[in-house]
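Next come the chains, spelled out residue by residue.
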Amino acid sequence: MDWAQVWAIAVAMILPAAFVQMFPLWQRQFLFTVRVPEGFAASADGRRIVRRFRARLWAVAAVCSAALWFGAIWAPLVNALAILLLIQWARMETRSFAVAGGTLRQAALTVGEEDSACFAWWTLAPVLGLLLLALTAAYLLGNREAIPARFPTHWGVTGEPDRWSAKSVSSVFGLFGIGVAVQAMLGFISYAMAADAGAVMSPRRRMNLQTVAFVSLAVSALHVVLDLIPLRQTAQALPGPMWVWFLLPALFMAPALWLGVRAQRLEDSEAEPTRDDAWIGGIWYSNRDDARMMLPNRMGPGHAYNFGHPGVRVAVPAVLALLFVSIFGLKL
Amino acid sequence: MQPAPVILIDLAAATPAYRQIVDQIRHLLVTGALRAGAALPSVRRLAVDLGVHHNTVAKAYRTLAEEGWLRSAQGKAVQVVERGVLPAPAPAEMEALASGFERRLRHLAAEMRAQGLPGEWIARQLRVLAGEVE
């Protein structure tokens, strides 16, 4: 048995399907991004729609897993696109049960400490991540003479390197660009979620901010280890036991799955009354008349960007460009 | 401690959001729920809380400032000011003003009846309003 393929199937197919199958029950007032009556998801119709969605989800995951097993490297991409289509399909099925309303918003006319109550230390996690990357880059720069002319950049299942790279600015520091782009994106998300929290931070938003902080610190720690690899002159294998590297995706996904379970028990203290017509396909939000940069998704975890906001229209393409240049630079 | 006054807007209503904000804050000012010296949230904070554009809140605050209710300066909190007693309008102006409001009131009452609200309820609300005004 090829364990590398088993691992790829688990990471690219099984874990995403296990995660996405929790999405429908994440928000109480929405099912597949359609506004429904309270408790609809638990009704016979609601359960039928969710059951069908999950059956299709796992069927697609099984087909794509088989394709990946037989060497189709495009299977994860097809799986991701199929998930988007399945959501739209379930959305159409839910539409006949949609209810109107939910456009009332209220605000208390208060000022004072509430304005700064939403600042939390975990919004600084991406700054800490950037600092860690900067220190690692400085260390690498200071020891650049010690970097061998050729170092490993990819490892096989046994932990033995199977791809190598010649010493160059791009091969040694290219990963930093990706790291900086990821931290910049997470930093922007943290800032936008905290700034748009309103007078009172809801438990759901706080939970999402904590998730971003966890991901930011975990990714920056991973970057420190990976970025220092050129200095491991004697190492033929990756630092640390191989099973840790195989378990890494699970270590990232486990807190996400736990958050999913927790989110379903949360009362929706941050119901977001927004105009239905501002949601394209139920998942892409664009409203120029809304001052918020991010607001809770109508389905699944996390927040959606408001692409009608000028800040988002500048920040997101800028970070994506940085990511693209870093990856492109790595391959040069 | 008294709870903070709250305003409620409907993003899907035909009345523009800025007009809804103006009407509700003005009501709070007229009824004394907001008194001189009270500070209002910043334009950004209120826009985020209501899910509207900054310009919408800025326009509402500007309208109320032009009516003499608010004072806002760059970098400072928006504050309710003592409006003082306005000079009585000239008789001709007063007549035009009164007839304009009377027409709007009649249209509003007709709209309420057309929407199915009972006449008794409308009359009761008008009496409550009359008590507040007096």
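Every value quoted in this text rests on a predicted model; they were computed, and no experiment measured them.

A. Local environment of the interface of chain B and chain A. Contacts between chain B and chain A engage 27 residues on the former and 22 residues on the latter. Among the residues of chain B in contact with chain A, L11(B), R45(B) and D49(B) are the three that bury the most area, contributing 25% of the side total. At the junction of chain B with chain A, the criterion picks out seven residue pairs in polar contact (both at pLDDT 80 or more). Counting only elements with at least two residues in the side of chain B that touches chain A, the list comes to β1 (6-10), α1 (17-30), β2 (39-40) and α2 (43-50) of chain B. The element that contributes the greatest number of residues to the side of chain B that touches chain A is α2(B), accounting for seven residues. Within the side of chain B that touches chain A, the residues separate by chemical class into 19 nonpolar, four polar and four charged. One ladder, built from five bridges, connects strand β3 (residues 104-108) of chain A with β1(B); its direction is antiparallel. Within the sheet, the bridge partner assigned to R105(A) lies in β1(B) and is I9(B).

B. Structural view of the packing of aromatic side chains. Residues and elements named next belong to chain A. Going through the model one piece at a time under the given rule, you end up with eight aromatic pairs over all chains. On the basis of an interplanar angle of 35 degrees and a centroid distance of 4.9 Å, the ring pair of F40 and F97 is categorised as tilted. Remark: F97 occurs in the loop between α3 (75-94) and β3 and F40 occurs in the loop between β2 (34-35) and α2 (44-69); sequence separation between them is 57 residues. Given the relative accessible area of 8%, F40 is considered buried. Classification of F97 by relative accessible area gives partly exposed; the value is 25%.

Criteria and cut-off values
- Residues numbered from 1 in each chain as written.
- Chains lettered and ligands numbered in written order.
- Predicted model: local features only at pLDDT ≥ 70, side-chain atom pairs only at ≥ 80, totals over all residues.
- Heavy atoms only, no water.
- Contact = heavy atoms within 4.5 Å.
- Buried area = accessible area lost by both parts, 1.4 Å probe.
- Polar contact = N/O pair within 3.5 Å; in protein donor to acceptor, adjacent residues only side chain to side chain.
- Helix = DSSP H or I, 4+ residues; strand = E, 2+ residues; numbered from the N terminus.
- Nonpolar A, V, L, I, M, F, W, Y, C, P; charged D, E, K, R; others polar.
- Pairing = 2+ DSSP bridges.
- Phe/Tyr/Trp six-rings, centres within 6.5 Å; stacked < 30°, edge-to-face > 60°.
- Buried < 20%, exposed > 50% of the residue type's maximum accessible area, 1.4 Å probe, protein only.

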